[in-house]
Amino acid sequence: MVRAAVLIVFLLSVAEHGCSQSYNAIYSFGDSISDTGNLCVGPGGCPSWDDTGKPPYGNTHFGRPTGRCTDGRVVVDFLAERFGLPLLPPSKATGVDFRKGANMAIIGATAMDFEFFRSRGLGGSVWSDGSLGTQILWFQQQLMPSICGTDCKSYFSKSLFVVGEFGGNDYNAALFTPGKGMAEARSYVPQVVDRIASGVEALIGLGAAELVVPGVLPIGCFPVYLTLYPSSNKGDYDETGCLRSFNSLSRYHNDLLKQAVSGLQSKHAGVRLMYADFYTQVTDMVRSPETFGLEYGLRVCCGAGGQGRYNYNNGARCGTAGASACGDPEKYLVWDGVHLTDAAYGSIAGGWLDGTYCSPGILHI
């Protein structure tokens, strides 16, 4: 409970004494970890095949599905609330004012473009056209003219940019393709990290001066992988019950990304780059959920009605027939086997703000 108590004291102190830090807007790029509904903004709403567009997604905070892959808010929503900004609208929404923020993130997004995967025989496992490069193009061509006209560098220098996480879906392309797997995924980690760094530098070129760059999560702790890739060898699991090889992939990515962020910081002295440590915070939450006000680490809230150790069945995922949600999602870390809960994302946002899990912390304190 010590870490939770320290965080509460910190946030109460900020609330009591005030914090002059403010941003014009928040602009977010990423995948389903941060998407706020880009698949669901058309006339017909969420496509029928998108299970995340069906109840009980969104029920905790919004009372309805919003296109977010959780029961409520994602990290960027909590950041927006902290800085008194509106929740980030999806960038594909029409008739929306994006001057206070926009979210380019979309389900299934990758760092690499589709051609990269097609050339490696992985195209069948990548269905989104919303790569990081594509999202930056959306931002430049469709949003910037209405946001800042000809004075974008000045405007963006006072905005917060969140770039990621990216990488999870890039590696899933190999992990979920028959005949490929872990070795294939590890082989292109440096290219994925280089692409993320290039995207960050492109945004700096547009005027971004404060950028959060999150690493990938510990995928070996997520029920989808634990269920699809079980092992009879106890040595394949760490002390928390997570798959070692999958978490090793995440650490490899994050180690290279931290080096890349450090290099960019040295190159751009007037820019503030913040590495957000998704990996360490989520592994801490799995190891000791009660420290973060939770009760369940590896068990899914919304899944196959109590089936199996993790309450996850790939044939009865959240939002499909046969699945149901727990009545107390605020006690769970994992929402649907792949994504986290509103409660977990709120805690993660706090760790990014105060610097416990972000270097440096977002808040200038």
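Residues numbered from 1 in each chain as written. Predicted model: local features only at pLDDT ≥ 70, side-chain atom pairs only at ≥ 80, totals over all residues. Heavy atoms only, no water.

Considering the pattern of salt bridges
Okay, so step 1: For the structure shown, the criterion picks out 16 salt bridges.
Okay, so step 2: Between D51 and R317 there is a salt bridge, with the nearest N and O atoms lying 3.5 Å from each other. Of the two residues, D51 sits in the loop between β1 (26-29) and α2 (75-82) while R317 sits in the loop between β7 (302-303) and β8 (324-325), which places them 266 residues apart along the sequence.
Okay, so step 3: For D51, a relative accessible area of 15% puts it in the buried group.
Okay, so step 4: Taking the shortest distance from any N to any O, the salt bridge between E295 and K331 comes out at 3.6 Å. A residue pair is termed long-range when its members are at least 10 positions apart, and E295 in the loop between α11 (278-287) and β6 (296-300) and K331 in the loop between β8 and β9 (332-334) qualify at 36 residues.
Okay, so step 5: In the salt-bridge network here, residues are joined through shared partners; they are D51, K54 and R317. (Salt bridge = Lys/Arg side-chain N within 4 Å of Asp/Glu carboxyl O. Helix = DSSP H or I, 4+ residues; strand = E, 2+ residues; numbered from the N terminus. Buried < 20%, exposed > 50% of the residue type's maximum accessible area, 1.4 Å probe, protein only.)

Re the packing of aromatic side chains
Okay, so step 1: Taken as a whole, this structure holds 21 aromatic pairs when the rule is applied.
Okay, so step 2: Ring centres 4.9 Å apart and planes at 80 degrees place the aromatic pair Y23 and F83 in the edge-to-face group. Here Y23, found in the loop between α1 (2-17) and β1, pairs with F83, found in the loop between α2 and β2 (101-103); they are 60 residues apart in sequence, far enough to count as distant. Of the two residues, Y23 and F83, both sit in the buried class.
Okay, so step 3: A ring pair is formed by Y27 and F139, whose centres lie 5.2 Å apart and whose planes are at 55 degrees; its orientation type is tilted. A residue pair is termed long-range when its members are at least 10 positions apart, and Y27 in strand β1 and F139 in helix α4 (residues 132-148) qualify at 112 residues. F139 matches Y27 in its accessibility class, with the two residues each being buried.
Okay, so step 4: Put simply, the rings of Y27, F29, F139, Y155, F156 and F161 pair up and form one aromatic cluster.
Okay, so step 5: Against the face of F83 rests R82, its NZ or CZ located 5.4 Å from the ring centre.
Okay, so step 6: One Lys or Arg, K92, reaches over the ring of W138 and ends 3.9 Å from the middle of that ring. (Phe/Tyr/Trp six-rings, centres within 6.5 Å; stacked < 30°, edge-to-face > 60°. Lys NZ or Arg CZ within 6 Å of the ring centre and 35° of its normal.)

Observations regarding the sheet that holds strand β5 (residues 272-276)
Okay, so step 1: What the six strands build is an open sheet, ordered β2-β1-β3-β4-β5-β10; its pairing is mixed. Each edge of the open sheet is held by one strand with a lone partner, namely β2 and β10 (358-359).
Okay, so step 2: Relative to strand β3 (residues 160-163), β1 is paired through four bridges, and the arrangement is parallel. Each bridged residue has a counterpart across the sheet, and for F29 the counterpart in β3 is V163.
Okay, so step 3: Of the strands in this sheet, β1, β2 and β3 are in contact with α4, which crosses β1 at around 155 degrees. (Pairing = 2+ DSSP bridges. Contact = heavy atoms within 4.5 Å. Axes fitted to C-alpha atoms, helices over the stretch in contact; angles between N-to-C directions.)

Digging into the environment of A321
Okay, so step 1: The topology assignment puts A321 in the loop between β7 and β8.
Okay, so step 2: According to the relative accessible area criterion, A321 is exposed, its value standing at 74%.
Okay, so step 3: Separated by 44 residues in the primary sequence, A321 and D277 have C-alpha atoms spaced 35 Å apart.

What about the confidence of the model for the chain?
Okay, so step 1: The pLDDT averaged across the chain works out to 93; a share of 94% of its residues lies at or above 70.
Okay, so step 2: Here residues 1-18 scores under 50 on pLDDT; set against residues more than four positions off or in separate chains, the count is 18 contacts. (pLDDT = per-residue confidence, 0-100.)

Digging into the environment of M285
Okay, so step 1: Take M285: it is sitting in helix α11.
Okay, so step 2: For M285, a relative accessible area of 0% puts it in the buried group.
Okay, so step 3: Sequence separation of M285 and E295 is ten residues, and the distance between their C-alpha atoms is 9.7 Å.

Brief notes about the packing of helix α8 (residues 189-206) against helix α10 (residues 244-267)
Okay, so step 1: Where α8 contacts α10, the two axes come as close as 9 Å, and the packing angle between them is 35 degrees. In this structure, α8 meets α10 at a crossing whose hand is right-handed. Packed against α8, whose contacting residues are V189, P190, V192, V193, I196, A197, V200 and E201, the element α10 presents L249, Y252, H253, L256, L257, A260, L264 and K267 at the interface.
Okay, so step 2: Here the residues of the contact of α8 with α10 are counted per class, giving 13 nonpolar, one polar and two charged. (Left-handed = near helix turned anticlockwise from the far one by under 90°. Nonpolar A, V, L, I, M, F, W, Y, C, P; charged D, E, K, R; others polar.)

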